[in-house]
Each structure stands twice: as C-alpha cells, then as structure tokens.
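Each chain, written out:
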Amino acid sequence: MSHPQRHADWHQMAADMRFETRAYINDQFVDAASGETFETLNPATGKCLAQVASCDGPDAELAVGHARAAFQAGEWSRLAPVRRKKTLLALAELMEANRHELALLDTLDMGKPITSSLGDMQGAIGCVRYHAESIDKLFGEVAPTGDDSLALVLREPLGVVASIVPWNFPLMMTAWKIAPALAAGNSVILKPSEKSPLSALRLAELAREAGLPSGVFQVLPGFGHTVGKALALSMGVDCLSFTGSTQVGKQLMQYAGQSNLKKVYLECGGKSPNLVFADCKDLDRVARHAAEAIFHNQGEVCIAGSRLLVENSIRAAFVEKVLAAAETMQPGDPLDPESFMGAMVDETQHRRVLDFIRQGVEEGASLRAGGEALKGDGWFIPPTVFDGVTPQMVIGREEIFGPVLAIFGFDSEEEAIAMANDSDYGLAAGFWSQDIDRIMRVTRRLHSGQVFVNNWAGGDQTVPFGGVKQSGNGRDKSHHSLEEYSELKTVWMSLAT
Ligand code: NAD
C-alpha cells in the first residue's frame, strides 16, 4: 500500500500488520527462557493484539552477558565515532522509511491518535539523527597545567546501559534514551513498557538491518517487577536510564544501592503549573493552548499542563474559553487522522483517572466539563475540567496522567509563584504575560527543569529535557544527555625534562 492517509487506509494497514513478539537477544529473536508470554491489548477496542515474550531474570542475565561481551570486544565501543555515526544515521533512515508502520504500532498498542504518533516519529528520528551527528563533534579537554605536565580529560563510554521506558510515547522515549547511549559507544538493553512493547521490537529489526553489531542493542519485553527489576539489580549493568513514575524511580535508586552503585538517571512524573496573567495577549489563543497542554495525548504526558493558575480578574471569562476549546478536543478512534484524543492506555489507568475525578467531586471542586467515561468499547474519557481547585485537594497535587484539568485562581504574582512551586514535582512550568519585567522575574523564580514563556511544551533536540525535585535527576536530548552516557577519565602525564 502507498502511505496511508485516510481513516480507512490506517484500518487496512492495521488489519495487514504482523507483529514481532519475541525478545531480541544477541542478534536473534527468541522466546523468553521460561516460554512465558503476556498479552498486549489495543486500548481502543480492549482486544488482544499479540502475545509477547515475557522476559525475566534469566533473560536479563543472558542479555547482560552479551552486552558486556560486545562492549569488551570493542566492535562498537571502540569504533571511530565517525563510523558509529554512519550506522546510526542508517538506523534513522530506516526509521524514516518505516515511520508509518512504527507510528501505527504505537497507536494500536497504547491508544494515542495516529496523527500524534506520526509527530512522535519525527521526534524519535530527529533524536537519533541529532546524536549520530553529535558524536564526532564532542571533544575531550587538555587541562591548563604547568610546563612539566600534560593532563587530558577523556570521555569514555560507560559500558552496559539498561534503558527502562514508559508507554505514553513508546518509541520517542525509547529514542531519547538509546540514541545518546549508543552514540557514546555503550551496549544498550532496552526494556519497553509491558503496555507498549511492539514498536521497540520492530526497532530491533531495523537496528539489525542498520548494522549494529550483535549484543550492542537488545530488547527485553516484560514486566517491571520481573525483568525490569533484574536489570536494575544486575551487577553487570553500569547505568540505568529510566523514564516513568516517581515511585518506580525511587525503587531503582534503591536497587542501585543494593547492587553495584550503577548510575541512575531518572525522568519521572510531574504536576506542571501553567500560569495565565491578566496582562497576556489574545485570551482565545492562550485558552486553546492551555486546553491542548492538558488534553494532548489524553493527558498522558509527563509535562501535561495539569494545573492551570488563572488571575482572578479574568478567571470567569477565561474558564469559558478553555471549556469551549476543550469541547473541540473530544476523543475518537485513534486510527482516524482527525481525532485529537484517543483512548486511555488500559483498564487500570482508565479506572485510576475516573477515581481521581470522583475524588475531585467529593473534595468540592466544581466539575465544569466531562467527568464520565464514554460508553462502548475501549477506554475513553472526555476532556474533564475542574474549576475552584485548591492546593490542598488531591486533584490539585497528584499526577493523574489523564485528561483532567485543575483550575486555580490567584490574585497576585507572588501568590501565583508560591502556588506554582508548591509541589513535589518540578518538571515543567509555563506562563503567559506581555510584561517584560514580569517575564524575567517569574522565569527566574519558577522552580522547574523547564520553563515555557508564552507557549507550552516548546523545544527541540538542541535543548535538554528533565526535571528537578521528585521529577528526576536526568536530562534527555541535547549534548547534555550525550554527556550522561560517558565517563570522564583523567590522564596526567609527567613530562621529563
Ligand atoms: P512506571 O513507572 O509504572 O513504568 C515505567 C517503566 O518502569 C515500565 O517499563 C515498567 O515496566 C518499569 N518498571 C515498573 N516497576 C519496575 C521495577 N520495580 N523495576 C524496574 N522497572 C520497573 O510508569 P508508566 O506508567 O509506564 O509511565 C507513566 C509515568 O511516566 C508518569 O509518571 C509520567 O509522568 C512518567 N513520564 C515521565 C517522562 C519524563 O520525561 N519526565 C516522560 C514520560 C513519562
């Protein structure tokens, strides 16, 4: 088929699809050692898509052994950066050529709209290209010593990196982890989420085609408490790079402490504040962005603008505009290119979001839109808006990870900043204002890994992405992430006279 464009084309492509479901270990697609499998479901229908290999400790041990052997052999780790670049660029080309299939796999597996998945593919491909292109432009240092010495600071790969990723942007989060780690010369073992393993396994096929040597890139599908934990506790893993919940991030730090003090880079959750000051321009446009900031990807976004703080003098009118924008963002069939929202990833997440909504009502927030699951197949929840939320309410503090917006009012800049910073999280924050003095003041005072001024979620590969506080300690994207996957080695040479 030529590239799918219409709703029916995507359904046809989905019907014709075949899935790789086995683990990828040392260049081979294999069943889990136990022979166990797990079901991966299509959230839009609730039906099983495929039975996937359920890896566990023995598979992790095997993969770590191959990863270490590959690292020691040096076919990748000691390859000239310019040649690693060539292979990774070939991978990016293959991803580009297969982007429709990769996008469809993510949509089928986790329920996001196909248009959104296609956008994610551009992000994933761009990330692989960026790191491929960077690696032969990263220099070591010569230290400013006296004449009797020469001191070098070299960058060397870490060894074996285990990347554990979530389901909300399956392939894009994968690319953010594996691209810099591979570019830096490491052997990488990827553990995709048990809720969205399919695109990772297709990526393994493409990596093999691109010519990544055996054992350098491996994929172990399975559960967190089995294969994920085994990787995290492994004495043969040098670094864990993780994207997922704060709760699991904390466990991974413990596992590192219980094992070999491996480096642990965490990208965790958020409850990001989006501040609207009365002096901002074009309230209709800002309201639309505020709605998109929470309803994009069904609200299953780590940097979702889930707390909307609005200056009280414009709040009533502004809330009406947000409600009008939300009305246009209803969920629909994820395979329809016109759908703005898709389905919640699974029944558990669906129930969890509905529980938060119930709690919001019980706590006395004013439910202004949505609130009830859609009837019929699949796990759909419409845009849900609460006004009159206070910082003490659970829906105002906890990450819901669904299409639920909590609106707060404020009277002064000082109050707005205090409310914005009053969170365990610090992943993203944004605000809207036309006052240049305020823009500079508020930017400085928001305690957050990234601050969006007069936009939400702006950024590209050149800037780092990550959080402060309980949102994590790592940085994805940009040359800063590349640096995380290498070790500094100091060489001090005495110069005989
Ligand atoms: P999760 O923490 O439940 O799972 C993430 C990954 O960790 C999965 O692959 C899972 O199998 C694995 N895992 C679970 N328990 C484990 C254990 N004991 N040992 C090892 N691995 C384990 O998160 P999720 O539900 O997949 O994703 C949603 C979360 O991810 C949200 O909190 C969201 O904010 C966060 N997230 C953060 C970013 C970011 O860049 N900061 C991006 C996307 C998602």
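Below: a short report on this structure. Per chain, residue numbering runs from 1 following the sequence as it is written. Reporting in this predicted model follows two pLDDT cut-offs: at least 70 for local features of residues, and 80 or more for side-chain atom pairs to be given and counted; totals over whole chains, interfaces and linings ignore these cut-offs and use all residues. Side-chain numbers here rest on the full set of heavy atoms in the structure, without hydrogens or water.

## Notes on helix α3 (residues 81-97)
For step 1, the next point in the chain: Here α3 is 17 residues long and its end C-alpha atoms lie 24 Å apart, about the 24 Å a rise of 1.5 Å per residue gives.
For step 2, the next point in the chain: The set of residues buried in α3 consists of Arg84, Lys85, Thr87, Leu88, Leu91, Ala92, Leu94 and Met95.
For step 3, the next point in the chain: Summarising the contacts, the buried residues of α3 are in contact with α4 (99-110), α5 (114-134), α6 (170-183) and α7 (198-210). Strands here are runs of E lasting at least two residues and helices are runs of H or I lasting at least four, both read from the DSSP assignment and numbered beginning at the N terminus. The span expected for a helix works out to 1.5 Å for each residue beyond the first. Only protein chains enter the accessibility calculation, which uses a 1.4 Å probe. A residue is then buried if its area is under 20% of the maximum for its type, exposed if over 50%, and partly exposed in between. Throughout, a residue-residue contact means that at least one pair of heavy atoms, one from each residue, lies within 4.5 Å.

## Structural notes on the pairing of strand β6 (residues 149-157)
Two faces make up the sheet, and in a regular strand the side chains alternate between them.
For step 1, the next point in the chain: DSSP bridges decide pairing: two strands pair if at least two such bridges lie between them. Here strand β5 (residues 141-142) runs beside β6; their pairing, made up of 2 bridges, is antiparallel. Bridge pairing in β6 places Glu141 opposite Val153.
For step 2, the next point in the chain: Sheet topology note: the β6/strand β21 (residues 486-494) ladder contains 9 bridges and is antiparallel. Note that in β21 the partner of Leu150 across the bridge is Met493.

## Describing the packing of helix α10 (residues 283-295) against helix α11 (residues 312-327)
For step 1, the next point in the chain: Axis separation between α10 and α11 bottoms out at 8 Å; the angle between their running directions is 60°. The angle between the axes of α10 and α11 places the two elements in the oblique class. Here the hand of the crossing between α10 and α11 comes out right-handed. On α11, the residues that touch Leu283, Asp284, Val286, Ala287, Arg288, Ala290, Ala291 and Phe295 of α10 are Ile314, Phe318, Lys321, Val322, Ala325 and Ala326. Only the stretch in contact is used when a helix axis is fitted, and all axes are lines through C-alpha atoms; the angle between N-to-C directions ranges over 0 to 180 degrees. Any angle from 65 to 115 degrees is called roughly perpendicular, while one under 35 is roughly parallel, one over 145 is roughly antiparallel, and all others are oblique. Should the near helix be turned anticlockwise from the far one by less than a right angle, the crossing is termed left-handed; should it be turned clockwise, right-handed.

## As for the pattern of salt bridges
For step 1, the next point in the chain: Salt bridges are identified by distance alone: a Lys or Arg side-chain nitrogen within 4 Å of an Asp or Glu carboxyl oxygen. One pass over the structure, following the stated rule, counts 30 salt bridges.
For step 2, the next point in the chain: Taking the shortest distance from any N to any O, the salt bridge between Lys85 and Glu133 comes out at 3.7 Å. Of the two residues, Lys85 sits in helix α3 while Glu133 sits in helix α5, which places them 48 residues apart along the sequence.
For step 3, the next point in the chain: With relative accessibility at 16%, the residue Lys85 sits in the buried group.
For step 4, the next point in the chain: Classification of Glu133 by relative accessible area gives partly exposed; the value is 36%.
For step 5, the next point in the chain: Ionic pairing is found between Asp355 and Arg358, a salt bridge with its closest N-O pair at 3.5 Å. Residue Asp355 and its partner Arg358 are both found in helix α12 (residues 347-362); the two are separated by 3 residues, about one turn of the helix.
For step 6, the next point in the chain: Here the salt bridges do not stand alone but share partners, grouping Arg18, Glu101, Arg202 and Glu205 into one network.

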